[in-house]
Amino acid sequence: MKRVFLLIFLMLLFGFGGGLGCTNVSATKNSVKTESAMNSTNNELKFSEVRRLNKNIPLKTYTILQSFEETMKLYRLMEDKRFSRSAPIPTLEENEFLLVLKPKLKTQPYGDIEIEKIEEVKSVLNVYYKEINNEEYLLNKEKNPILILKIEGKIPSGVKLITF
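Just so you know, these numbers come straight off a predicted model, no measurement behind them.

Draft legend 1. Up close: the overall build of the protein. Helix and strand content of the protein: three helices and nine strands. Beginning at the N terminus, the succession of helices and strands in the protein can be written as α-β-β-β-β-α-β-β-β-α-β-β. Counting the 164 residues in the protein, one finds 29% classified as buried. Residue pairs at least 24 apart in sequence account for 72% of intrachain contacts in the protein once pairs closer than 6 positions are excluded. Summed over all atoms, the accessible surface of the protein reaches about 11900 Å², with 54% contributed by carbon and sulfur.

Here it is, written out as structure tokens:
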């Protein structure tokens, strides 16, 4: 019984990507490849998706939100009267900001976007994304995808959207 518990504990700790270090290990048939999650020569930023929706509201291609008041103003614009409750409003910690993306789609008019990576180059954020198929948006003929990301780092002087 102790061995089973120990085996499960070790599998959870090391076997499923939850290791204590900052490395991802992916095994192929005959070799093991190790990648560092934090590369010192790379300027990639950590980010997380906060909300994804499709709504025709007046927004620029990108908007940077630095305060809770700015976030509240955006969420009032996105409010849907059909539902009694709206999505939770995110809060920001020190050294975080929200990036709201509303790109013009080129290849899939009723598609969505997927962020590949975000990197900082001379105080400008390069946001690499690709257009992806979205059956729901196609079915409803919706062509205004909005993506809200929470990013760790200092406020950039600008944002450059780059299709991947």
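Draft legend 2. Molecular detail of the pattern of salt bridges. Summed over the entire model, instances satisfying the criterion amount to six salt bridges. As a salt-bridge pair, Arg-52 and Glu-49 come within 2.7 Å of each other at their nearest N and O atoms. For Glu-49, a relative accessible area of 45% gives the class partly exposed. Residue Glu-119 pairs with Lys-117 through a salt bridge whose shortest N-O separation is 4.0 Å. The network of salt bridges with common partners includes Glu-49, Arg-52 and Asp-112.

Draft legend 3. Spotlight on the nonpolar core. Core analysis: the largest hydrophobic core is formed by 16 residues, its most contacted members being Leu-99, Ile-115, Ile-118, Leu-125 and Ile-151. Each residue touching Leu-125, except ones within four places of it in the same chain, is listed here: Leu-45, Phe-97, Leu-99, Ile-118, Glu-119, Glu-120, Ile-151, Pro-156, Gly-158, Val-159 and Lys-160. Within the second largest apolar cluster, ten residues are counted, among which are Ile-57, Leu-65, Tyr-75 and Val-100.

Draft legend 4. Region of interest: the environment of Leu-125. Inspection of the secondary structure assignment puts Leu-125 in strand S7 (residues 124-132). The class for Leu-125 is buried, based on a relative accessible area of 0%. Placed 32 residues apart in sequence, Leu-125 and Ser-157 show a C-alpha to C-alpha distance of 8.1 Å.

Draft legend 5. Up close: the sheet that holds S7. Taken in spatial order, the three strands line up as S6-S7-S9 in an open sheet, and their pairing is mixed. The strands lining the two open edges of the sheet, one partner per strand, are strand S6 (112-121) and strand S9 (158-163). Within the sheet, the average angular offset between the axes of one strand and its neighbour, ignoring direction, is 25°.

Draft legend 6. Just the sheet that holds strand S5 (residues 96-101), in detail. Taken in spatial order, the four strands of this open sheet run S3-S8-S5-S4, and their pairing is antiparallel. Among the strands making up the open sheet, the edge pair consists of strand S3 (47-54) and strand S4 (62-65). Each strand of the sheet is rotated relative to its neighbour by a mean of 20°, with strand direction disregarded. Here S5 pairs with strand S8 (residues 145-152) via six bridges, running antiparallel. Counterpart to Phe-97 in the pairing with S8 is Ile-151.

Draft legend 7. A look at the side chain of Thr-71. Checked against the element boundaries, Thr-71 lands in helix H2 (residues 68-78). What makes Thr-71 buried here is its relative accessible area of 0%. With near-sequence residues (within four places) excluded, Thr-71 lies in contact with Leu-65, Ile-89, Pro-90 and Leu-98.

What counts as what
Residues numbered from 1 in each chain as written. Predicted model: local features only at pLDDT ≥ 70, side-chain atom pairs only at ≥ 80, totals over all residues. Heavy atoms only, no water. Helix = DSSP H or I, 4+ residues; strand = E, 2+ residues; numbered from the N terminus. Buried < 20%, exposed > 50% of the residue type's maximum accessible area, 1.4 Å probe, protein only. Contact = heavy atoms within 4.5 Å. Areas by Shrake-Rupley, 256 points an atom, 1.4 Å probe, with all protein chains shown as cover. Salt bridge = Lys/Arg side-chain N within 4 Å of Asp/Glu carboxyl O. Core = buried A, V, L, I, M, F, W, Y, C linked by side-chain atoms within 4.5 Å. Pairing = 2+ DSSP bridges. Axes fitted to C-alpha atoms, helices over the stretch in contact; angles between N-to-C directions.

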